[in-house]
Amino acid sequence: MNNILNNIALCVESGKINRTSPYPPNMKDQDGADELTKRAIGEGIKPDEILEYALIPAMANVGNKFSRKEIYVPQMLMSAKAMNSAMVHLKPFFLSGETKRKGKFIIGTVSGDLHDIGKNLVAMMIEGGGWEVIDLGVDVGSEKFLKAIDEHPDAVVGLSALLTTTMENMKKIVISIKEKHSGSKILVGGAPVTMEYCKKIGADFYSPDPQGAVNYLKQLVS
Ligand code: B1M
């Protein structure tokens, strides 16, 4: 792989955002994902190559390490920040249509529920997996999900719930989405959610962690 792509991947995996960021200490005063991505584009490397050969594999490594409990939420958040600093340079190419994404993913924390740390991690990992993410935020009810699906009918939909009380709202939202858009694929997750519950409410897939969500989407488009 091209050296600069290797270095971008290393920065994302290590959580090195830019030259001035002090984390991780062993990369102090070195360029981060921000500067390297800008340089790579300047050198004529295509944005989809940066995504495919640097950001996606780096974020997949981060996700797998998190699933194996080799790293924890703070390290994952630093990696996501480094990835976002690289994405700033790639976004204009996605927006202009010059570079294609793998698909669209709508995500939200279900109504009544304000927890968003896990949902944000899932959103960032999926974006790092090459998808366009439409993040509806927290406390999202059926109406807002349905409106987003009307606007993006091909999108896969992700629902997060952290409270046993809001799992019931997850069920109502899944039912209303399936009633109006029977072809929509729905992924569910969050600490109290299980595969058994996913099947019971008629969702399509459950993942306990962000990497499982990324793998599910990958399998959907492959
Ligand atoms: Co709340 N809270 N909280 N809370 N809170 C929990 C969830 C709780 C387990 C704490 C406890 O009692 N031990 C408990 C729920 C009990 C239950 O119902 N089973 C609880 C409660 C009761 C409450 C309140 C009701 C407290 C009160 O006011 N009396 C209240 C509810 C507010 C509301 O939502 N309406 C409340 C409020 C809050 C804060 C606002 C203070 C804050 C949220 C801040 C925020 O999110 N911006 C908060 C926090 C931080 C927690 C704990 C401490 C941490 C949650 C978290 O972020 N974990 C939590 C206790 C705990 O977990 N130790 C707790 C880290 C995060 C990375 O993990 O969100 O599980 P998680 O996400 C994981 C996976 O679940 C998965 O991937 C993520 C990464 O692995 N995942 C998905 C998540 N969504 C996914 C979607 C997918 C796939 C995977 O596909 C779409």
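The structure this text deals with has already been given above.
Quick look at the structure, then. (Residues numbered from 1 in each chain as written. Predicted model: local features only at pLDDT ≥ 70, side-chain atom pairs only at ≥ 80, totals over all residues. Heavy atoms only, no water.)

Let's talk about helix α4 (residues 73–95)
Quick note on the threshold: Note on bend: the value at a residue is the angle between axes fitted to the seven residues ending there and to the seven starting there. Secondary structure counts use DSSP, requiring at least four H or I residues in a row for a helix and at least two E residues in a row for a strand, with both numbered from the N terminus. Note on classification: 1.4 Å probe, protein chains only; a residue is buried when its accessible area is under 20% of the maximum for its type, exposed when over 50%, partly exposed between these limits. Any two residues having at least one pair of non-hydrogen atoms within 4.5 Å are treated as being in contact.
Of all bends in α4, the biggest is about 45°, found at H89, and the proline P92 comes one to four residues later. Every buried residue belonging to α4 is among M76, S79, A80, A82, M83, S85, A86, M87, H89, L90 and F94, and all of these are buried. Contact partners of the buried residues in α4: α1 (3–14), α2 (33–42), α3 (47–67), α5 (117–128) and α9 (210–221). Phi turns positive one or two residues past the end of α4, at G97, with a value near 90°.

Digging into the nonpolar core
Condition: For our purposes a nonpolar core is just a set of buried Ala, Val, Leu, Ile, Met, Phe, Trp, Tyr and Cys residues, chained together by side-chain atoms within 4.5 Å.
Counting residues in each nonpolar core, the largest one holds 45 residues, and the members touching the most others are I8, V12, I50, L55, F105 and I126. Counting only elements with at least two residues in this core, the list comes to α1, α2, α3, α4, β1 (104–109), α5 and α9. Those residues within four positions of F105 in sequence are excluded, and the remaining contacts are I126, W131, E132, V133, I134, A155, V156, V157, G158, L187 and L217. Within the second largest apolar cluster, 26 residues are counted, among which are L136, M167, V174 and I177.

Focus on the sheet that holds β1
Put simply, the rule reads: In this description, strands pair whenever DSSP reports at least two bridges between them.
Read across the sheet, 5 strands follow the order β2-β1-β3-β4-β5 without closing on themselves; strand pairing throughout is parallel. Every interior strand has two partners, whereas the edge strands, β2 (132–135) and β5 (205–206), have only one.

A few points about unusual backbone geometry
Backbone torsion omega between Y23 and P24 reads -5°, so that peptide bond is classified as cis. Backbone geometry at K69 places phi at a positive 60°, although glycine is not the residue there. Among the structural elements, K69 can be located in the loop between α3 and α4. Relative accessible area serves as the criterion here: at 61%, K69 is assigned to the exposed category. One non-glycine residue, D139, lies in the positive phi region at around 55°.

Section: α3
Definition in use: Any helix carries an expected span of 1.5 Å times its number of residues minus one.
When the terminal C-alpha atoms of α3 are compared, their 28 Å separation across 21 residues agrees well with the 30 Å that a helix rising 1.5 Å per residue should span. The axis of α3 is deflected most strongly, by about 30°, at L55, and proline P57 appears within four residues downstream. For α3, the set of buried residues is P47, I50, L51, A54, L55, I56, A58, M59, V62, G63 and F66. Each element contacted by the buried residues of α3 is listed here: α1, α2, α4, α5 and α9. Residue K69 follows α3 closely and has a positive phi angle near 60°.

Section: the packing of α3 against α5
Note the cut-off: A fitted line through C-alpha atoms represents every axis, and for helices the fit uses only the stretch in contact; the resulting angles, taken between N-to-C directions, go from 0 to 180 degrees. Residue classes follow a fixed rule: Ala, Val, Leu, Ile, Met, Phe, Trp, Tyr, Cys and Pro count as nonpolar, while Asp, Glu, Lys and Arg count as charged, and any other residue, Gly among them, counts as polar.
In contact at an axis separation of 8 Å, α3 and α5 are set at 145° when each is read in the N-to-C sense. Two secondary-structure elements touch here, α3 through L55, I56, M59 and G63 and α5 through M124, M125 and G128. For the contact of α3 with α5, the class distribution of residues is 5 nonpolar, 2 polar and no charged.

Remarks on the site of the ligand
To be explicit about the condition: Nearness is judged by heavy atoms alone; a residue qualifies as near a molecule or strand once a single heavy atom is within 4 Å of it. Polar contact is the term for a pair of N or O atoms within 3.5 Å; when the atoms are in protein, one must be able to donate a hydrogen and the other to accept it, and sequence-neighboring residues count only if both atoms are side-chain atoms.
Neighbouring the ligand are 26 residues; L114, H115, D116, S160 and T164 lie closest to it. G112 is positioned such that a nitrogen or oxygen atom in its backbone is 2.9 Å from a nitrogen atom of the ligand. Here the shell around the ligand gets 4 residues from one element, more than from any other, and that element is α5. Looking at the shell around the ligand residue by residue, the classes come out as 14 nonpolar, 9 polar and 3 charged.

Here's the deal with the coordination of the cobalt atom of the ligand
Quick note on the threshold: Each metal's donors comprise the N, O and S atoms found within 2.8 Å of it (within 3.2 Å for Na, K or Ca). Water is not part of the atom list, so some coordination spheres may appear incomplete.
Coordination of the cobalt atom of the ligand by the protein comes from a single atom, H115 (NE2), at 2.2 Å. Mapped onto the elements, H115 comes out in the loop between β1 and α5.

A word on the pattern of salt bridges
Rule in force here: The term salt bridge refers to a pairing of a side-chain nitrogen on Lys or Arg with a carboxyl oxygen on Asp or Glu at a separation within 4 Å.
For the coordinates displayed, the defined rule picks out 10 salt bridges. Close ionic contact of D29 with K28 constitutes a salt bridge, the shortest N to O distance being 3.9 Å. Among the ionic pairs, K178 bridges to D204, the shortest N-O distance being 2.8 Å. Placement of the pair is K178 in helix α7 (residues 164–180) and D204 in the loop between α8 (195–201) and β5, with a sequence separation of 26 residues.

Here we look at the pairing of β1
Operational definition: The handedness of a crossover follows from its direction of travel: if, with the strands pointing away from the viewer, the path from the first strand over the helix to the second runs clockwise, the crossover is right-handed.
Counting buried residues along β1, 5 of its 6 residues qualify, which places the element largely inside the surrounding structure. As for the winding sense of the linkage, the β-α-β connection from β1 through α5 to β2 is right-handed. Here 5 bridges tie β1 to strand β3 (residues 156–160), and the two strands are oriented parallel to one another. Paired with T109 across the two strands is S160, which belongs to β3.

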